Amino acid sequence: MFMKIDPSKRFSFLVNQVAKLHGAHFDRLARERMGLSLAQCRLLWALAHSEQPEPLSQAALAQRLETSAMAVATLCDRMEAGGWIRREPSPSDRRVKLIHATPRALDAMDQALAISDEVLAHGLVNLSADEQAQLMALLAKAREGLLAWQPDAAPASLHDGGATRGPEETAP
């Protein structure tokens, strides 16, 4: 028999909805206040917080942003025209363009973080400080579990076999 499942009680649905809502609010505010989209801010963040000492190539940015090289090239075209980044040829491979954030872009990161904090504050307004800390800790644990999961390996022991179900969605 088909069991009705309320998607709003599912972990993946809630996490995705929160991310989409946060992203939509951030995008709107960043466009209004900075003239940058969420995608452009993500690109600048990737440049500003690279673990590599050398600049990133467009291909490396595409990989880091989990998007296509064509999408990054289009973003870079707009951002270079706006003075947010500059491109220069790689000294070791003339086919590769290295991307540098301009001082203007690095200064904008503080404003982007303030916008993100504002959106987050509105999203968590109904949670106490302790609940916010607990939520962050639990999400970090969920992330760790997914990062460690090897789908082809033997299954890790789950606490109750219902780890993916919401509280009232237990199997008969």
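Residues numbered from 1 in each chain as written. Predicted model: local features only at pLDDT ≥ 70, side-chain atom pairs only at ≥ 80, totals over all residues. Heavy atoms only, no water.

So, about the packing of helix 3 (residues 58–65) against helix 4 (residues 69–81). Axes are the key here: two packed helices are described by the angle between their axes and the distance separating the axes. Taken N-terminus to C-terminus, the directions of helix 3 and helix 4 make an angle of 110 degrees; their axes are 8 Å apart at the nearest point. Between helix 3 and helix 4, the interaxial angle falls into the category roughly perpendicular. For the crossing formed where helix 3 meets helix 4, the hand is right-handed. Contact with helix 3, carried on its side by Gln58, Leu61, Ala62 and Leu65, involves Ala69, Val72, Ala73 and Cys76 of helix 4 and no other residues of that element. (Axes fitted to C-alpha atoms, helices over the stretch in contact; angles between N-to-C directions. Helix = DSSP H or I, 4+ residues; strand = E, 2+ residues; numbered from the N terminus. Parallel < 35°, antiparallel > 145°, perpendicular 65-115°, else oblique. Left-handed = near helix turned anticlockwise from the far one by under 90°. Contact = heavy atoms within 4.5 Å.)

Strand order across the open sheet formed by 3 strands is 1-3-2, with antiparallel pairing between neighbours. Two strands lie at the open edges of the sheet, namely strand 1 (56–57) and strand 2 (85–89), each paired on one side alone. Direction of pairing for strand 2 relative to strand 3 (residues 97–101): antiparallel, over a ladder of 5 bridges. By the bridge assignment for strand 3, Arg86 is matched with His100. (Pairing = 2+ DSSP bridges.)

Another aspect to go through is the packing of helix 2 (residues 38–48) against helix 3. Closest axis-to-axis distance for the helix 2/helix 3 pair is 10 Å, and the angle between their directions is 110 degrees. What the angle tells us is that helix 2 and helix 3 run roughly perpendicular. Taken as a pair, helix 2 and helix 3 cross one another with a handedness that is right-handed. Together, Arg42, Leu43, Ala46 and Leu47 of helix 2 and Leu61, Arg64 and Leu65 of helix 3 make up the contact between the two elements. For the contact of helix 2 with helix 3, the residue count by class is 5 nonpolar, no polar and 2 charged. (Nonpolar A, V, L, I, M, F, W, Y, C, P; charged D, E, K, R; others polar.)

All right, on to the nonpolar core then. The tendency in soluble globular proteins is for nonpolar side chains to be buried as a group. Met34, Leu43, Leu44, Leu47, Leu61 and Ile85 are the most contacted members of the largest nonpolar core, which has 27 residues in total. Among the secondary structure elements, those contributing two or more residues to this core are helix 1 (11–34), helix 2, helix 3, helix 4 and helix 5 (103–123). Here this core takes 6 residues from helix 5, the largest share from any one element. In this structure Ile85 touches Leu43, Leu44, Leu47, Cys76, Met79, Glu80, Ile99, His100, Ala101 and Thr102, once residues within four positions along its chain are discounted. (Core = buried A, V, L, I, M, F, W, Y, C linked by side-chain atoms within 4.5 Å. Buried < 20%, exposed > 50% of the residue type's maximum accessible area, 1.4 Å probe, protein only.)

This next bit is on the side chain of Asp27. You can see Asp27 is positioned in helix 1. A polar contact of 2.8 Å, which involves the side chain of Asp27, links it to the side chain of Arg31. Those residues in contact with Asp27 that sit more than four places away from it in its chain are Leu36, Ser37 and Leu38. (Polar contact = N/O pair within 3.5 Å; in protein donor to acceptor, adjacent residues only side chain to side chain.)

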